[in-house]
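Architecture at a glance
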Amino acid sequence: MKVNRGKSSIMDLSEKAIRLGASRLVIIDQIKGNPSRMRFFDVEKTPPEPNPKTVLFSGVALRREITEKRVPKVETIEIAFSDENIRELSNLLGEGMGIPVLGDPIKTEELGKVDSDVVLFVHLNKKLTISFFLTDPVEELGPRIYVKGVAYLFDRNRDKAEI
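Rules behind the numbers
- Residues numbered from 1 in each chain as written.
- Predicted model: local features only at pLDDT ≥ 70, side-chain atom pairs only at ≥ 80, totals over all residues.
- Heavy atoms only, no water.
- Helix = DSSP H or I, 4+ residues; strand = E, 2+ residues; numbered from the N terminus.
- Buried < 20%, exposed > 50% of the residue type's maximum accessible area, 1.4 Å probe, protein only.
- Polar contact = N/O pair within 3.5 Å; in protein donor to acceptor, adjacent residues only side chain to side chain.
- Pairing = 2+ DSSP bridges.
- Core = buried A, V, L, I, M, F, W, Y, C linked by side-chain atoms within 4.5 Å.
- Contact = heavy atoms within 4.5 Å.

**Here we look at the side chain of His 123**
- By the element assignment, His 123 lies in strand β6 (residues 118-125).
- Here His 123 falls in the buried class, since its relative accessible area comes to 9%.
- For His 123, the side chain forms a polar contact with the side chain of Ser 131, separated by 2.9 Å.

**A short note on the pairing of strand β7 (residues 127-135)**
- Burial runs high along β7: 8 of the 9 residues are buried.
- Across 8 bridges, the pairing between β6 and β7 is antiparallel. For Leu 124, the partnering residue across the bridge sits in β7 and is Leu 128.
- With antiparallel pairing between neighbouring strands as the criterion, β6 and β7 make up a hairpin whose turn holds 1 residue, including Lys 126 at a positive phi of roughly 70 degrees.
- Direction of pairing for β7 relative to strand β8 (residues 138-152): antiparallel, over a ladder of 6 bridges. Looking at β8, one finds that Ile 130 is bridged to Ile 145.

**Describing the nonpolar core**
- Residues Met 38, Val 55, Leu 89, Leu 93, Leu 120, Val 122 and Ile 130 are the most contacted members of the largest nonpolar core, which totals 21 residues.
- Looking at this core, the elements with two or more residues in it are β2 (34-42), β4 (53-61), β5 (77-81), α3 (87-97), β6, β7 and β8.
- Val 55 has contacts with Ser 36, Arg 37, Met 38, Phe 40, Leu 89, Leu 92, Leu 93, Val 147 and Gly 149, leaving out every residue within four places of it along the chain.
- Core analysis: the next-biggest nonpolar cluster, separate from the first, contains 8 residues, Ala 80, Leu 111, Val 114 and Phe 121 among them.

Right, dumping it as structure tokens:
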């Protein structure tokens, strides 16, 4: 579910997520009106616990720039990746969004064999890209997110004293 944050605090958004039955919160930050990074929070903890890693964007192609078709009703979604080198990013997305990640890399042509309605596909398409694909028939839904990299927001162990 998408909610515009406005001036809501992370705590306010966390409470709303819990009311809606969610265990995770994903925040897309923006710079000058353009999506810039994706942050993940576990809202089952009080206060909400942020994941120390964030996904940085280099660009986004919106759904309306990819297709004119309406998004069908989606009941199941999985994450797939095209190369072993991008497994870590796929696992971060899966953990952050609470979406299962397929165990082995697959090719774009194999997306139709996935059991879910939609696949969030992490692949190299000149740039590291996150795309959303319908699986039957296989077609890109959008948005298409170009990934600059993964950065650490903080070190979870930084403030813990050694005993």
